[in-house]
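Survey of secondary and tertiary structure
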Amino acid sequence: MASLILDMLLSVEVLHQIMPDLPRAKTAEYAPLLAKWCEEFEINTPRRLGMFLATLAEESGQLTKWRENLYYSPERLMKVWPSRFRTRTVAQQFARKPEVLANYIYGTIKGKELGNTTSPNDGWLYRGGGPGQATGRKMYQALTDALGQRLNVDLVAHPERIEEAEIGIAATCWIWAKEKELNEIADQTQPVVMRINGRGLLLPPFSAVTQKWNGGQTNLQSRMAFLKRAGQALGLALP
């Protein structure tokens, strides 16, 4: 059960202001779960909440996308992974074939990094899941180790359960606070030093959050728009 303060900060109305495209019934379902698990993982100040919810809104299409589908056109593949799909002919082999694409990108290419080395279908089974898009067998195992007993779930055996509301939200909060350690970055009010391509660069706090969460600055303008909306909803001027 979340604290009264966090319940007030993360009310149904606040969540609706930040993610207006989310249907009202889902907003009412998700707000108390977010309050509960944000409290658990100390995402419990306006700065932390604002940056967390802005990130979540971007990653999940305002909490409407809970599993990566990878149904891409050739043009989209060439834009997202230009080094892998240099020509339309190459991209066409994977276009609109989400399972084949997942096993290529998350298995053949990134399998070792993500722990997708047990089955040829690991890339598909452990593709992005939950509102935070947890990816890879290694991550699903870590989530099971951290949360499995409390939530009565084995995400390695049943990766589809990452799409269940409480499991997906708890998983995303755990990744934010424990795996990525982003509460500490969100607390900062001055630029943060981040190692990028072997160089130390100073980034504004929310850009640093995005870098650590996403591995880059993907869709930063959209993320900043969500951050501004979150700041207004929470009564805080967020950078």
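Overview of the structure. (Residues numbered from 1 in each chain as written. Predicted model: local features only at pLDDT ≥ 70, side-chain atom pairs only at ≥ 80, totals over all residues. Heavy atoms only, no water.)

**Details of the packing of helix H4 (residues 46-60) against helix H14 (residues 220-234)**
Between H4 and H14, the shortest axis-to-axis distance is 8 Å and the interhelical angle comes to 140°. Our classification of the angle between H4 and H14 gives oblique. As for how H4 packs across H14, the hand of that crossing is right-handed. Taking contact as the criterion, the partners of Pro46, Leu49, Gly50, Met51, Ala54, Thr55, Ala57, Glu58 and Glu59 in H4 are, on H14, Ser222, Arg223, Phe226, Leu227, Ala230 and Leu234. (Axes fitted to C-alpha atoms, helices over the stretch in contact; angles between N-to-C directions. Helix = DSSP H or I, 4+ residues; strand = E, 2+ residues; numbered from the N terminus. Parallel < 35°, antiparallel > 145°, perpendicular 65-115°, else oblique. Left-handed = near helix turned anticlockwise from the far one by under 90°. Contact = heavy atoms within 4.5 Å.)

**Quick look at the side chain of Ser60**
Along the polypeptide, Ser60 turns up in helix H4. A polar contact is formed between the side chain of Ser60 and the backbone nitrogen of Leu63, at a distance of 2.7 Å. Setting aside its immediate chain neighbours within four residues, Ser60 contacts Lys65 and Pro131. (Polar contact = N/O pair within 3.5 Å; in protein donor to acceptor, adjacent residues only side chain to side chain.)

**As for helix H3 (residues 24-40)**
In this model, H3 (17 residues) spans 25 Å end to end at C-alpha, consistent with the 24 Å of a helix rising 1.5 Å per residue. If you look at H3, its biggest bend is around 25°, right at Tyr30, and the proline Pro32 turns up within four residues after that. Listed in full, the buried residues belonging to H3 are Thr27, Tyr30, Ala31, Leu33, Leu34, Ala35, Trp37 and Cys38. Within two residues after H3, Glu42 carries a phi angle of roughly 60°, on the positive side. (Expected span 1.5 Å × (residues − 1). Bend = angle between axes of the 7 residues up to and from the residue. Buried < 20%, exposed > 50% of the residue type's maximum accessible area, 1.4 Å probe, protein only.)

**Quick notes on the state of the cysteines**
Put plainly, a disulfide is one covalent bond tying together the sulfur atoms of two cysteines. For the structure on display, the rule yields 0 disulfides. Cysteine Cys38 shares no disulfide, and the gap to the nearest cysteine sulfur, in Cys173, comes to 4.0 Å. Judged by relative accessible area, which is 0%, Cys38 ranks as buried. Cys173 sits in the buried class, given a relative accessible area of 0%. (Disulfide = S-S within 2.5 Å.)

**Structural notes on the packing of aromatic side chains**
All chains considered together, the criterion is met by 10 aromatic pairs. Aromatic side chains Trp37 and Phe41 sit 6.2 Å apart centroid to centroid with 20° between the ring planes, which places their arrangement in the stacked category. With respect to class, Trp37 is no different from Phe41; both count as buried. One aromatic cluster is present, formed by Tyr72, Trp81, Phe85, Phe94 and Tyr104 through successive ring pairs. Sitting above the plane of the Tyr72 ring, Arg76 keeps its charged end 5.8 Å from the centroid. Its end group placed over the ring of Trp124, Arg127 keeps NZ or CZ at 3.6 Å from the ring centre. (Phe/Tyr/Trp six-rings, centres within 6.5 Å; stacked < 30°, edge-to-face > 60°. Lys NZ or Arg CZ within 6 Å of the ring centre and 35° of its normal.)

**Quick notes on helix H11 (residues 165-179)**
With 15 residues, H11 should cover 21 Å at 1.5 Å per step; its first-to-last C-alpha distance of 20 Å lies within 8% of that length. In terms of burial, H11 is largely enclosed, as 12 of its 15 residues are buried. Taken as a whole, H11 has its buried residues at Ala165, Ile167, Gly168, Ile169, Ala170, Ala171, Thr172, Cys173, Trp174, Ile175, Trp176 and Ala177. With its phi angle positive at about 55°, Glu181 sits one or two positions after the end of H11.

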